[in-house]
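Below, each chain spelled out in residue letters.
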Amino acid sequence: MAVIADRCPQIHVTVVDLNQARIDAWNDEDLSRLPVYEPGLDAVVGRARGRNLTFSTEVEASIAAADMVFISVNTPTKTKGLGAGQASDLRWVEACARTVAQAATGHTIVVEKSTLPVRTAAAIQTILAAAQNDGAERRFSVLSNPEFLAEGTAIADLEAPDRVLIGGDDPDAINALAEIYGHWVAKERILRTNLWSSELSKLTANAFLAQRISSINSIAAFCEASGADVREVARAIGTDSRIGPKFLSAGPGFGGSCFQKDILNLVYLCRHFGLPEVADYWESVVQLNTWQQHRIARLVVEKLFGTVTGKRLAVLGFAFKANTNDTREAPAIHVCADLLEEGAQLAIHDPKVATAQMARDLKQDESAVLDSSGSWCRSESIEAAVAGADAVLILTEWEQYRQLKWADLASRMRHPAWVFDARAVTESQQVRAAGLSLWKVGDGEG
Ligand code: UDX
């Protein structure tokens, strides 16, 4: 919404939320304190806020004044009831639809921005149609406009998208939304489909991307077993223009708010529509991902003589990828949980993730001290994290972890000491020259 406001000064964008503290944070004078860390977002908000971008808790009044409403609430995986663990929880989408139904005036275009199961638009349409029939002067058109941005590169992705997808059956409404994007996106990149294709395309894009990561991670394990190097394999296959070079980095498994949730949702829908083989196929992408995370924790234990009880391990990186403070489904959570269970003492460093967030993710006490087995702390510096450690684990590809001075770090560790590089960001020779043993994901030569 901030990018739309930035690119279309003549359109007034109002972002509303029920949560006053969150809105206050978006209105904070100090742009470095916005609630989401995303490179370039502060500049975009700084340019548009107070001009044609407003953050407010006046939900109903803002809907009443709007020509177009974007439903952008979260749709997490259900934790209980029908479809628990797989289906998306649509309670917030439904609540939004009901609020829009009551508060809207005149003709309102309602845009599904949240990632939704296929045919959710039908539910939204039904709720809106009920309000249309209550005698008030209201008309609605529903569009699907899924978002394909990736975190960490969100602003660049939005400013130069590969494509914008608009699904719907009201050509005027589609034109109105296409016109907004047309301010900065070339016409041929704005794709128009029916509602259901648009909803399904979002799930499918994420399933395909995640499948590539599970595919390369499966080959990484095979490389380690067979003496091949997964980066050489990735380069060799990636030069085939049909395969392409992107999304072929082996790692500790995919995290983030989308991939697992969307695949499980796809799995649930396939079972619902009587396609168990299709469901199993996609479910295996998530299973391989979970296996990869446990595999890394297990091999740390095995290399450290079969036990990490009471041993100090430095964990570098907790966010699910670099350039974000987001930890949703971060592989680090699962790897760290396994190692805590084994009795390790974890000193965790991440340039952006706060202590309270780590504590919540690990279900641990925030004021923990590193003094017993199965304990953890957040370290302010990399040097503090590695002090006295038996091993360093690199779980996020932050740029600063590519520049580590291994000779210096090695002198602070307890030997024999290991480096477990799950993101392949280290120079093997430098690590080994510092007297450290090295495991690097997908490197069968180690
Ligand atoms: C993803 C999709 O890319 C985006 O289009 C969609 O809108 C939301 O979900 P995001 O979750 O922000 O975006 O991050 P992405 O860059 O796709 O990475 C997801 C996970 O895969 C991260 O944990 C990342 O480290 C991992 N990954 C990515 C790999 O392990 N290897 C790769 O080659 C690429």
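Residues numbered from 1 in each chain as written. Predicted model: local features only at pLDDT ≥ 70, side-chain atom pairs only at ≥ 80, totals over all residues. Heavy atoms only, no water.

**Structural notes on the overall build of the chain**
1) Next: Secondary structure assignment for the chain yields 17 helices and 13 strands.
2) Next: Taken over C-alpha atoms, the radius of gyration comes to 24 Å for the chain, in line with the 22 Å a tight globule of 446 residues would show.
3) Next: Taken along the three principal axes of its C-alpha coordinates, the chain extends 75 × 50 × 45 Å.
4) Next: Looking at the chain as a whole, 49% of its 446 residues are labelled buried.
5) Next: Put simply, of all contacts in the chain between residues at least 6 apart along the chain, 71% involve residues at least 24 apart.
6) Next: For the chain, the exposed surface amounts to about 20800 Å²; the carbon and sulfur share of it is 51%.
7) Next: Of the side-chain charges in the chain, 44 are positive and 56 negative, and the distance between the mean point of each set is 3 Å. (Helix = DSSP H or I, 4+ residues; strand = E, 2+ residues; numbered from the N terminus. Rg over C-alpha atoms; globule rule 2.2 N^0.38 Å. Buried < 20%, exposed > 50% of the residue type's maximum accessible area, 1.4 Å probe, protein only. Contact = heavy atoms within 4.5 Å. Areas by Shrake-Rupley, 256 points an atom, 1.4 Å probe, with all protein chains shown as cover. Lys, Arg positive; Asp, Glu negative; His and termini not counted. Charge placed at Lys NZ, Arg CZ, Asp CG, Glu CD.)

**Thoughts on the sheet that holds strand E6 (residues 164-168)**
Sheets are built from strands paired through backbone hydrogen bonds, the pairs being either parallel or antiparallel.
1) Next: Across the sheet, which stays open at both edges, the five strands sit in the order E3-E4-E5-E6-E7 with mixed pairing between neighbours. Edge positions in the sheet fall to strand E3 (68-71) and strand E7 (190-193), since each has one partner strand and no second. For this sheet, the mean inter-axis angle between neighbouring strands, taken without regard to orientation, is 30°.
2) Next: As defined by bridge partners, strand E5 (residues 138-144) adjoins E6 across two bridges and the pair is classed as antiparallel. Each bridged residue has a counterpart across the sheet, and for Leu143 the counterpart in E6 is Gly168.
3) Next: Docked against the sheet, helix H6 (residues 120-132) engages E3, strand E4 (106-112) and E5, running at close to 175° with respect to E5.
4) Next: Where helix H8 (residues 171-181) meets the sheet, it contacts E3, E4, E5, E6 and E7, and its direction lies at approximately 165° from that of E6. (Pairing = 2+ DSSP bridges. Axes fitted to C-alpha atoms, helices over the stretch in contact; angles between N-to-C directions.)

**Quick word on the packing of aromatic side chains**
1) Next: In this structure the tally under the stated criterion is seven aromatic pairs.
2) Next: Consider the rings of Phe208 and Trp282, whose centres lie 5.8 Å apart with planes at 35°: the pair is tilted. With Phe208 in helix H9 (residues 195-226) and Trp282 in helix H12 (residues 276-303), this pair connects stretches of sequence that are 74 residues apart.
3) Next: Ring geometry for Phe247 against Phe259: centres 6.3 Å apart, planes inclined by 65°, an arrangement best described as edge-to-face. Within this pair, whereas Phe247 is found in the loop between helix H10 (230-238) and helix H11 (259-272), its partner Phe259 is found in helix H11, the two being separated by twelve residues in sequence.
4) Next: Overall, the relative accessible area of 39% leaves Phe247 in the partly exposed class. (Phe/Tyr/Trp six-rings, centres within 6.5 Å; stacked < 30°, edge-to-face > 60°.)

**Regarding empty space enclosed by the protein**
1) Next: Here the structure, examined in full by the defined rule, presents one cavity of 30 Å³ or more.
2) Next: Within this model, the largest cavity holds a volume of roughly 50 Å³.
3) Next: Every residue lining the largest cavity is listed: Glu112, Ser114, Thr115, Leu116, Ser144, Pro146, Glu199 and Lys202.
4) Next: For the lining of the largest cavity, a count of residues per class yields two nonpolar, three polar and three charged. (1 Å grid on protein atoms, 1.4 Å probe; cavity = no way out; pocket = protein on both sides within 12 Å on 5 of 7 lines; lining within 4 Å. Points joined across faces, edges and corners; volume = space filled by probe spheres on them. Nonpolar A, V, L, I, M, F, W, Y, C, P; charged D, E, K, R; others polar.)

**Here's the deal with unusual backbone geometry**
1) Next: Of note, the bond from His415 into Pro416 is cis; its omega dihedral lies within 30 degrees of zero at 0°.
2) Next: Mapped onto the elements, Pro416 comes out in the loop between helix H16 (406-411) and strand E12 (418-421).
3) Next: A positive phi is found at Phe305, a non-glycine position, where the angle reads about 60°.
4) Next: Relative accessible area serves as the criterion here: at 65%, Phe305 is assigned to the exposed category.
5) Next: The backbone of Lys363 sits at a positive phi, close to 55°, despite the residue not being glycine.
6) Next: On the secondary structure map, Lys363 appears in the loop between helix H14 (355-362) and strand E10 (375-378).

**Some remarks on the sheet that holds strand E13 (residues 437-440)**
1) Next: In space, the six strands of this open sheet follow the order E10-E9-E8-E11-E12-E13, with parallel pairing throughout. Of all the strands in the sheet, just E10 and E13 have a single pairing partner and so form its edges. Pairwise comparison of adjacent strand axes, ignoring direction, gives a mean angle of 15° for this sheet.
2) Next: Direction of pairing for E12 relative to E13: parallel, over a ladder of four bridges. Residue pairing for E13: Asp421 is matched across the bridge by Lys440.
3) Next: Where H14 meets the sheet, it contacts strand E9 (345-349) and E10, and its direction lies at approximately 155° from that of E10.

**Regarding the site of the ligand**
1) Next: Phe148, Glu151, Ser249, Lys321 and Arg423 are the nearest of the 19 residues found near the ligand.
2) Next: Between the ligand and Phe320 there is a distance of 2.9 Å, counted from an oxygen atom to a backbone nitrogen or oxygen.
3) Next: If the ligand stood free it would expose 660 Å²; the protein chains cover 90% of that surface.
4) Next: The biggest single contributor to the shell around the ligand is H9, with four residues.
5) Next: Residues of the shell around the ligand, tallied by class, amount to eleven nonpolar, three polar and five charged.
6) Next: The two domains that each donate at least three residues to the shell around the ligand are domain 1 (2-202) and domain 2 (204-446). (Near = heavy atom within 4 Å. Polar contact = N/O pair within 3.5 Å; in protein donor to acceptor, adjacent residues only side chain to side chain. Domains from an automatic or database assignment.)

Shape is all these values report; function is a separate question.
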